[in-house]
Amino acid sequence: MLTNIRLISVHEYHKMAETGIFHPEERLELIAGQIIRMSAKGTAHESAITRTERLLRQRLGDKVLLRIQSPVQLDDYSEPEPDISVVKLNPLDYEDHHPNASEVFLLIEIADSSLKYDREVKAMASPTPRANAYAKSGIIEYWILDVNGRKLYMYRLPSPDGYHSESILAEDVTISPLAFGDCALAIRELLRKI
């Protein structure tokens, strides 16, 4: 294990962005003090984001704020940009801060080429310092929509060791977010190909 690693804080990450260290079109996120390049977005990825956002907006209406590929601050060293964040309403629409774990109902990642990263780094237990980012911060529910495998990975019951509940659901299943039991979503609707 390396011990001489200099971790970057969220504050330092923001300063780096403000001073122009990163190219404006670079896709990055900060996980456990490390700057990670995000993979390119394909058309299946983008259409799944659009469908999922549309369905959540129809089903949840004004109960929540949906944020698309926007930062969520998990702690002082992690600020990922999940594909979809279902967060509590905020009178300032989070003008003064990014949502933190206590303000998040559900995070959703769409995986076409990033399934391994989304499962191992953001959800599951692992010896790497980046692992468990969502579980360690207490995100109560995390979904990965696997557009290639036509499955939904659903993670619940977070702890510092990872999520204690993992379900892999086929496209013929209907689910509801923990915080919104009346919001039925058919996985097939999220995966539908036009």
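J.: Explanation requested: helix H2 (residues 43-60) in the structure shown.
T.: Along an α-helix, residues three or four apart share an orientation, since each turn contains 3.6 residues. Under the 1.5 Å per step criterion, the end-to-end length of H2 is 25 Å for 18 residues, consistent within 8% with the ideal 26 Å. Lining the buried residues of H2 we find strand E3 (65-68), strand E4 (84-87), strand E5 (104-111), strand E6 (141-146), strand E10 (185-186) and helix H5 (187-191). Note on H2: the residue one or two positions beyond its end, glycine 61, has a positive phi of about 50°.

J.: Would you take a moment to explain the side chain of serine 9 for this structure?
T.: Position of serine 9 relative to the elements: it lies in the segment before helix H1 (10-18). Residue serine 9 is classed as buried on the basis of its relative accessible area of 14%. Among all residues touching serine 9, those that are not within four sequence positions of it are Leu30, Asp76 and Tyr77.

J.: Please clarify how the sheet that holds E6 should be interpreted in this entry.
T.: Two strands in a sheet stick together by hydrogen bonds in their backbones, pointing the same way (parallel) or opposite ways (antiparallel). With mixed pairing, the six strands of this open sheet are ordered in space as E3-E4-E5-E6-E7-E8. Every other strand in the sheet has two partners, leaving E3 and strand E8 (162-170) as the edge strands with one partner each. Direction aside, neighbouring strands of the sheet carry axes that sit 20° apart on average.

What counts and how
Residues numbered from 1 in each chain as written. Predicted model: local features only at pLDDT ≥ 70, side-chain atom pairs only at ≥ 80, totals over all residues. Heavy atoms only, no water. Helix = DSSP H or I, 4+ residues; strand = E, 2+ residues; numbered from the N terminus. Expected span 1.5 Å × (residues − 1). Contact = heavy atoms within 4.5 Å. Buried < 20%, exposed > 50% of the residue type's maximum accessible area, 1.4 Å probe, protein only. Pairing = 2+ DSSP bridges. Axes fitted to C-alpha atoms, helices over the stretch in contact; angles between N-to-C directions.

It is worth stressing that arrangement in space is one thing and function is another; only the former is reported here.
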